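Residue-level structural notes
These are the residues of each chain, in order.
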Amino acid sequence: MALYEHVFLARQDLSPQQIDALVEQYKGVIENGGGSIGRVETWGLKSLAYRIKKNRKAYFTLMDLDAPAEAVKEMERQMGLSEDILRFMTVRVDAHEEGPSAMMQRRDDRGRRDDRGPRRDRDDGPRRDRDDGPRRDRDDGPRRQRESSEGAQQ
């Protein structure tokens, strides 16, 4: 059997219990087809980049599948018929990831690279992009005269 990662987006007006019921329904479809489901992660309610079927938010859920292709196709067919499912995507993988997915990890644990170098504090001295001269108010400088709009209309 092949390994898959499956993500689906459910409507924003569903309750968490209804999301769990959807997961159990599709888990039953996979198990009836001779497959099994590994990890199931509910990522929660997230904003969408654009509206999908008049929804601005959706519940995201990830499932790791170990199932034959026919069982996955049947699950996708049923998801396509369901009004509660906005979008879904199944990707075949060589191996399932161990531990939590990138969406479930805290931002600090994601291994963010800091290419900008160390942070400057205010005690580092004057900024190099500004003059060291005295600050000038806007009213001190010469003003340019505006052209009168009356002369332009003639």
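**Overview of the overall build of the chain**
When helices and strands are tallied, the chain shows 3 helices and 4 strands. Helices (α) and strands (β) of the chain occur, in sequence order from the N terminus, as β-α-β-β-α-β-α. The long-range share in the chain, meaning contacts at least 24 apart out of those at least 6 apart in sequence, stands at 74%. Taken as a whole, the chain presents about 12,600 Å² of accessible surface, with 43% of it coming from carbon and sulfur.

**Re the nonpolar core**
Across soluble globular proteins, nonpolar side chains have a tendency to be buried as a group. Core analysis: the biggest nonpolar cluster contains 21 residues, and Ile 30, Met 63, Leu 65 and Met 75 have the highest contact counts within it. Those elements that provide at least two residues to this core are strand E1 (2–11), helix H1 (16–32), strand E3 (55–67) and helix H2 (69–81). Here this core takes 6 residues from H1, the largest share from any one element. Each residue touching Leu 65, except ones within four places of it in the same chain, is listed here: Ala 2, Leu 3, Tyr 4, His 6, Ile 30, Ser 36, Ile 37, Val 72, Met 75 and His 96. Val 7, Trp 43, Leu 48 and Leu 86 belong to the second largest nonpolar core, which has 9 residues in total.

Cut-offs applied
- Residues numbered from 1 in each chain as written.
- Predicted model: local features only at pLDDT ≥ 70, side-chain atom pairs only at ≥ 80, totals over all residues.
- Heavy atoms only, no water.
- Helix = DSSP H or I, 4+ residues; strand = E, 2+ residues; numbered from the N terminus.
- Contact = heavy atoms within 4.5 Å.
- Areas by Shrake-Rupley, 256 points an atom, 1.4 Å probe, with all protein chains shown as cover.
- Core = buried A, V, L, I, M, F, W, Y, C linked by side-chain atoms within 4.5 Å.
- Buried < 20%, exposed > 50% of the residue type's maximum accessible area, 1.4 Å probe, protein only.

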